[in-house]
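Residue-level listing of the chains:
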Amino acid sequence: MKYKSLREWMGILEQNGILKHITKEVNLEFELAAVGKKACGKYALCFDHPIGKNLPLGNKIPVVTGLTGNRKMFAQAMGVTVDKMSEHFADAQSHPIQPVIVDSKSAPVKEVIIKDVNLYNLPIPIHHEKDNGQYITAGVVVAKNPVTGERNVSIHRLQVNDKNHLGVLLLPRHLMALQRMAEKAGQPLEIAICIGLDPIVLLSSQAIVAMGFDEFGIAGALYGKPIELVKGETVDIEYPAHAEIVLEGKILPNVRKPEGPFGEYPKYYGPQKNREVVELTCMVSRNNPIFQTIVPATDEHTMLGAVAREGGLLKIIQHSVPTTKAVHLTPGGTGRYHLVIQIDKKNAGEAKNAIFAALGSSQEIKHVVVVDTDVDIFDPVDVNWAIATRCQADKDVFIISGACGNKLDPSSKDGLSAKMGIDATIPMADKATNKFHRIQIPGEKEIDLDSYLL
Ligand code: MN
């Protein structure tokens, strides 16, 4: 990989004409998110002059967003083609490269050290209409198991409560387990919140791996060399030496304060509840740091989770159906609920087995469509076409009620959800005939339209 930091990745995007600087003043309240959302997938944006009422001194820190706004950008960031992303990520997960620790002098993130943290000096946006204030959305949280010392890396939404406190949403995953362990012992859980990281680190943090598996190892495998970490100033946590900004702090034991509502990836608001609070103890940054935000529910957001999940899913489904070629968690399905599986069917019934494997592997997956190898799983029109012309609902669709679903799906009954499988593959008996032979114009693929328009 040719980069190892946010700014190096921005440099590559700028060379390719994808990163655009916005020089006019842009309000951190809604306007920045609105512009970022409109550009997502087309351009990465750097807002050079964000303004907001919580920034009385004026702001010198730019905000970037949309750095991997579509699959092509993401694939480029991973150094592979779009169709190889899932497999590439799965391989990295299987062959992690452990991080190395560098000293503070070799860590650009230690160029500035501020003990009196004031979050209002950072350009933290308000994204959606009913959000309960400013939110850090691209903060990678590093923590350690208080007993074993094993590292954990994950992204959490972080609400600005006051100048040095953040509200945090912990889902029932690893960070929550670590926090509960510390809390049971009456202890705070030390964390580091890292902002301004390249796509490799963000993606690695989303891997679905066992507790105790250091997600930074995946970043190392994707870079092809270990990620460099540096020890914290006030916490016993190591974090990326090439981050732009790191907030050190601790999740307080037995403290809960209102957090939310917040516009989430399913394009609905997660409700307000009393949730854990982070007290900040130190902020380190580069000279002239860059702040990164991910506008919730954009492709940039849903894809981060989707690409990481697809890697694991591909392995699981291939285990039961070896003819599985590729998988895609679609943007319309919020990158979580709708899965398209492509198989090179060799035996009748394989499509249904692939559906079982997918539904059994994750609570989040709700609707699964299986298609043949001539269907482009990244093209919703093509997948729709396969359903339209290769599926008979009375025998190719099945529904299971009352399974475990995702609590953020408002149509579920507090997480209890129906599941549906759609077999949109050509029946084995018809494979030898030309009944499902797709029309084709010889030479169409090779036509360069521009050469005809001169
Ligand atoms: Mn983990």
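Residues numbered from 1 in each chain as written. Predicted model: local features only at pLDDT ≥ 70, side-chain atom pairs only at ≥ 80, totals over all residues. Heavy atoms only, no water.

> Even after reading the chapter, I still don't get the layout of surface pockets, so can you show me in this structure?
If you roll a probe as big as a water molecule over the atoms, it shows you where there is empty space left. Computed from the structure, the second largest pocket encloses a volume of approximately 470 Å³. Lining of the second largest pocket is provided by 30 residues; of these, His-328, Thr-330, Pro-331, Gly-332 and Pro-380 occupy positions nearest its centre. Elements supplying a minimum of two residues to the lining of the second largest pocket: α3 (71–78), α8 (299–320), β19 (324–329), β20 (338–343), β21 (367–371), α10 (380–390) and β23 (416–423). A per-class count over the lining of the second largest pocket returns 15 nonpolar, 11 polar and four charged. Two domains share the lining of the second largest pocket, each providing at least three of its residues, namely domain 1 (6–299) and domain 2 (321–426). (1 Å grid on protein atoms, 1.4 Å probe; cavity = no way out; pocket = protein on both sides within 12 Å on 5 of 7 lines; lining within 4 Å. Points joined across faces, edges and corners; volume = space filled by probe spheres on them. Helix = DSSP H or I, 4+ residues; strand = E, 2+ residues; numbered from the N terminus. Nonpolar A, V, L, I, M, F, W, Y, C, P; charged D, E, K, R; others polar. Domains from an automatic or database assignment.)

> Can you walk me through the coordination of the manganese ion in this structure?
Tetrahedral coordination by four donors puts the ideal angle at the metal at 109.5 degrees, and octahedral coordination by six puts it at 90 or 180 degrees. Coordination sphere of the manganese ion, protein contribution only: Asn-152 (OD1), His-174 (ND1) and Glu-215 (OE), at 2.1 to 2.2 Å. Each donor residue of the manganese ion lies on the same chain, and together they follow the pattern N-x21-H-x40-E. Placement of the pair is Asn-152 in strand β8 (residues 151–155) and Glu-215 in the loop between α6 (199–204) and α7 (216–223), with a sequence separation of 63 residues. Each member of the pair, Asn-152 as well as Glu-215, is classed as buried. (Donors = N, O, S within 2.8 Å, 3.2 Å for Na, K, Ca; no water. Buried < 20%, exposed > 50% of the residue type's maximum accessible area, 1.4 Å probe, protein only.)

> Whenever I open this one, a nonpolar patch on the surface confuses me. Can you help?
Taken together, Ile-447, Leu-449, Tyr-452 and Leu-453 make up a surface patch of nonpolar side chains, about 470 Å² in accessible area. Positionally, Leu-449 belongs in helix α13 (residues 449–452). For Leu-449, a relative accessible area of 54% gives the class exposed. (Patch = residues over 30% accessible without salt bridge, like charges linked within 9 Å, V, L, I, M, F, W, Y side chains within 5 Å. Areas by Shrake-Rupley, 256 points an atom, 1.4 Å probe, with all protein chains shown as cover. Salt bridge = Lys/Arg side-chain N within 4 Å of Asp/Glu carboxyl O.)

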